[in-house]
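# Chains, contacts and geometry: an overview
What follows is each chain in one-letter form.
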Amino acid sequence: MNSTVNSKEIGREILNQLGGNKFAVMTGANNFVVDNYTLRFSIMRNAKGAKFVSVTLNSCDLYDLHFFNVNRKYEVITISKKYNVYAEDLRQIFEAETGLYTRL
């Protein structure tokens, strides 16, 4: 990973690889937060029950996805995790794990 790239640029690139604004509209994604090499956001109700998604750029320049919920005690409940995902597979895995379409 290139240390000269800031976290905001990485978050923007992850969102672009997911589909950008069209992705956000189709999935109801909002509340975007960027932290280091991770983009976190909430999504609309879906078949698998995940309310939040975390996409992290790992040291292999691949992505790790975490689909989860947070209960009333603020405990993270993991729905699913996927590791070492290529950028071109992000949409397909997101659709498979949530049941939400990322494009028309």
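Predicted, not measured: the structure shown is a model, and the values here were computed from it. (Residues numbered from 1 in each chain as written. Predicted model: local features only at pLDDT ≥ 70, side-chain atom pairs only at ≥ 80, totals over all residues. Heavy atoms only, no water.)

### Considering a nonpolar patch on the surface
Among the surface-exposed residues, Val70, Tyr74 and Val76 lie close enough to one another that they form a single nonpolar patch of about 340 Å² accessible area. Among the structural elements, Val76 can be located in strand E5 (residues 76–85). (Patch = residues over 30% accessible without salt bridge, like charges linked within 9 Å, V, L, I, M, F, W, Y side chains within 5 Å. Areas by Shrake-Rupley, 256 points an atom, 1.4 Å probe, with all protein chains shown as cover. Salt bridge = Lys/Arg side-chain N within 4 Å of Asp/Glu carboxyl O. Helix = DSSP H or I, 4+ residues; strand = E, 2+ residues; numbered from the N terminus.)

### Some remarks on helix H2 (residues 20–27)
The periodicity of an α-helix, 3.6 residues per turn, causes residues three or four places apart in sequence to face the same way. For H2, every residue scored as buried is listed here: Gly20, Phe23, Ala24 and Thr27. Projected down its long axis, H2 shows its buried positions confined to an angular sector of 100°, all on one face. Counted as exposed and oriented over 90 degrees from the buried face of H2: Asn21, Lys22 and Val25. Of the surrounding elements, those touching the buried residues of H2 are helix H1 (7–18), strand E1 (30–35), strand E2 (38–42) and helix H3 (90–98). (Buried < 20%, exposed > 50% of the residue type's maximum accessible area, 1.4 Å probe, protein only. Arc of directions from axis to C-beta. Contact = heavy atoms within 4.5 Å.)

### A short note on unusual backbone geometry
Phi is positive for Asp61, which is not a glycine, with a value near 60°. Residue placement: Asp61 occurs in the loop between strand E3 (52–57) and strand E4 (63–70). Relative accessible area serves as the criterion here: at 48%, Asp61 is assigned to the partly exposed category. The phi dihedral of Asn84 is positive, around 55°, even though this residue is not glycine. Mapped onto the fold, Asn84 is located in strand E5.

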